[in-house]
Amino acid sequence: MRTVDLITKKKQGKAHTRQELEYIVNGIVSGEIPDYQLSAWLMAVYFQGMDIEETAILTELIVNTSKTLDLSHISNYILDKHSTGGVGDKITLILIPLIAACGGEIAKLSGRGLGHTGGTIDKLESIEGFKTDLSMEEFTAQVKKTGCAIASQTGELAYADKKLYELRDVTSTVDCLPLIASSVVSKKIASGANVIVLDVKYGDGAFLKTKEEAEKLSVIMVDIAKKLNRSITAVITSMEEPLGHNIGNALEVIESIEVLKGKGPADLVELTLELGSILLVNSKVFQTKEEAKAKMLESIANGSALAKFKELIQEQHGCSECTEDYSKLPRASIIKEIKAKKEGFINTIKAYEIALGCKILGAGRDKKTDAIDYAVGVVLNKKVGEFVKEGEILFTIHANAMEKLIQAEELFEQAFVISDVQTAKEPLIYKVIE
């Protein structure tokens, strides 16, 4: 079998056999297939695609290229959640302790922010002392003890996917749906989960721009899971405006804590309850989504969800006092309130512009090696559909450098579109695929 023949076959739009995909994946792991040939194959896949059978086989083979976590001794159902990335998306910080407080076991491996989207690990590392680099033994032990853990992704799992992603990143093939699907699902399966919910985002602040693209990817991932005997439900959600009010690492931790205290924004609560109810029903903890949502709201009201978050922080060596005293989190030296120059309805808040502004402030990175400023970001004092008076606070910038603040302020101003007429707001949840 020759790699060049497999490139030609895929270039012609033909489907690979299991044996051919095994050859490719083994060549990735061993290094016997050079990067230039893998790059050519990736481009052929990008243009010709893969059918569900091929994509499922590729996913299975990637899972088997390295270690997989076996958490079956903890529970028959190990839960997990994944988001395709957005702006102000702090759902993981809220959902993981909330699920554990309701009786589910949830094991979450997360990533750092890259590009315009924020990363869960960066947000958690704004908490003093919080340890995200857990060994697989530590990770497993914590899930068994507390019902939840959030750690950084490890190269020990789904090794072939790591290599493929590095090449996709530099060959402009990141946005290939079969490759996205195999990457996401392989990592979720390798991390020990068998009940998974995916938050597939579309819109201005998402990698996928349309509902149609998001639905197509969702169907692929759900179908792959069925072939591999896993439960995956995809929830397609809008990222036309940022989630919640706070964007920036420590600011998002604060807003997450506020949700767990019962004071969070409606959009964060709505999406958390939807994703959480799907996990709790599919893992047989509750029979209906209504029962699950009621229990989650009860866990927030009685303080058990916040208590579980404190426990999570303590187990991972962080300062849990930050849940009651926000001064324990990084704080910006400059806080500037920006007021509306005219009155009207907030027609649009461009999520991508908000993300770029936060990146200028230092909340994001261009390369994985870049340092980030945990304290900086923006608080949106108004959301889409709300009325603002002239002179009323529109947003508040948290910065540590005046030069960066001035640049970011211009982007934030551009993000807000104020109209005389109130327009219909995009529903947050578009569709559930299962």
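Just so you know, these numbers come straight off a predicted model, no measurement behind them.

**Student:** I'd like to hear about the overall build of the protein, residue by residue, with values.
**Tutor:** Counting its secondary structure elements, the protein contains 16 helices and 13 strands. Compactness check: the protein gives a C-alpha radius of gyration of 22 Å against a globular reference of 22 Å for 434 residues, within 12% of the reference. Burial status across the protein gives 56% buried among its 434 residues. Across the protein, contacts joining residues at least 24 apart in sequence account for 78% of those joining residues at least 6 apart. As displayed, the protein has an accessible area near 17,800 Å², and 49% of this comes from carbon and sulfur atoms. Taken as two groups, the 52 positive and 62 negative side-chain charges of the protein have centres that lie 1 Å from each other.

**Student:** Could you give an account of the sheet that holds strand E10 (residues 387-388), naming the residues involved and the relevant values?
**Tutor:** Strand pairing in a sheet is mediated by backbone hydrogen bonds. Such pairs are either parallel or antiparallel. Strand order across the open sheet formed by three strands is E10-E8-E12, with antiparallel pairing between neighbours. Single-partner strands in this sheet number two, and they are E10 and strand E12 (416-419). Pairing of strand E8 (residues 344-349) with E10, which is carried by two bridges, proceeds in the antiparallel orientation. The residue bridging Phe-345 from the neighbouring strand is Phe-387, located in E10. The strands touched by helix H16 (residues 402-415) within the sheet are E8 and E12, with E12 carrying the most contacts at an inclination of about 40°.

**Student:** Just give me the short version of the environment of Ile-33, but keep the residues and values in it.
**Tutor:** Among the secondary structure elements, Ile-33 is positioned in the loop between helix H2 (18-30) and helix H3 (35-48). Among the residues examined, Ile-33 registers a relative accessible area of 5% and is labelled buried. Here the alpha-carbon distance between Ile-33 and Glu-337, two residues 304 residues apart in the chain, equals 55 Å. Those residues in contact with Ile-33 that lie beyond four places of it in its chain are Thr-3, Tyr-23, Ile-24, Gly-27 and Leu-38.

**Student:** A description of the packing of helix H1 (residues 3-11) against H3 should follow, citing residues and the corresponding values.
**Tutor:** For the pair H1 and H3, the least separation of the axes is 8 Å and the interaxial angle reads 15°. In this view, H1 runs roughly parallel relative to H3, as classed from their interaxial angle. The way H1 lies across H3 gives a crossing that is left-handed. Between H1 and H3, the residues in contact are Thr-3, Val-4, Leu-6, Ile-7, Lys-10 and Lys-11 and Gln-37, Ala-40, Trp-41, Ala-44, Val-45 and Gln-48, respectively. Split into classes, the residues belonging to the contact of H1 with H3 amount to seven nonpolar, three polar and two charged.

**Student:** Would you mind going over unusual backbone geometry in detail, with residue names and values included?
**Tutor:** The phi angle at Asn-229 is positive, at roughly 60°, despite the residue not being glycine. On the secondary structure map, Asn-229 appears in the loop between helix H10 (211-227) and strand E5 (231-238). For Asn-229, a relative accessible area of 69% translates into the label exposed. One non-glycine residue, His-317, lies in the positive phi region at around 65°. Along the chain, His-317 turns up in the loop between helix H14 (304-315) and strand E7 (334-339).

**Student:** Could you give an account of the pattern of salt bridges, with specific residues and numbers?
**Tutor:** For side chains bearing opposite charge, pairing can occur when the charged atoms are close. Enumeration according to the criterion identifies 29 salt bridges in this entry. Notably, a salt bridge pairs Asp-5 with Arg-2, separated by 3.1 Å at the nearest N-O pair. In this structure, Lys-188 engages Asp-80 in a salt bridge whose closest nitrogen and oxygen atoms are separated by 3.1 Å. On the criterion of sequence distance, the pair formed by Lys-188 in helix H9 (residues 177-190) and Asp-80 in strand E1 (residues 79-83) is long-range, its members being 108 residues apart. Here the residues in one salt-bridge network are Glu-241, Asp-267, Lys-383 and Lys-425, joined through shared partners.

**Student:** Break down the nonpolar core for me, citing the residues and quoting the values.
**Tutor:** In terms of nonpolar packing, the biggest core is built from 75 residues, with Ile-354, Phe-395 and Phe-412 touching the most fellow members. For Ile-354, the contacting residues outside a window of four places in its chain are Val-87, Pro-242, Ile-247, Ile-349, Val-378, Leu-380, Phe-412, Ala-415 and Phe-416. The next biggest cluster of nonpolar side chains, apart from the first, holds 36 residues, and it includes Leu-21, Val-45, Leu-109 and Leu-134.

Conventions used here
Residues numbered from 1 in each chain as written. Predicted model: local features only at pLDDT ≥ 70, side-chain atom pairs only at ≥ 80, totals over all residues. Heavy atoms only, no water. Helix = DSSP H or I, 4+ residues; strand = E, 2+ residues; numbered from the N terminus. Rg over C-alpha atoms; globule rule 2.2 N^0.38 Å. Buried < 20%, exposed > 50% of the residue type's maximum accessible area, 1.4 Å probe, protein only. Contact = heavy atoms within 4.5 Å. Areas by Shrake-Rupley, 256 points an atom, 1.4 Å probe, with all protein chains shown as cover. Lys, Arg positive; Asp, Glu negative; His and termini not counted. Charge placed at Lys NZ, Arg CZ, Asp CG, Glu CD. Pairing = 2+ DSSP bridges. Axes fitted to C-alpha atoms, helices over the stretch in contact; angles between N-to-C directions. Parallel < 35°, antiparallel > 145°, perpendicular 65-115°, else oblique. Left-handed = near helix turned anticlockwise from the far one by under 90°. Nonpolar A, V, L, I, M, F, W, Y, C, P; charged D, E, K, R; others polar. Salt bridge = Lys/Arg side-chain N within 4 Å of Asp/Glu carboxyl O. Core = buried A, V, L, I, M, F, W, Y, C linked by side-chain atoms within 4.5 Å.

Everything listed here is a matter of geometry and, on its own, says nothing about what the molecule does.
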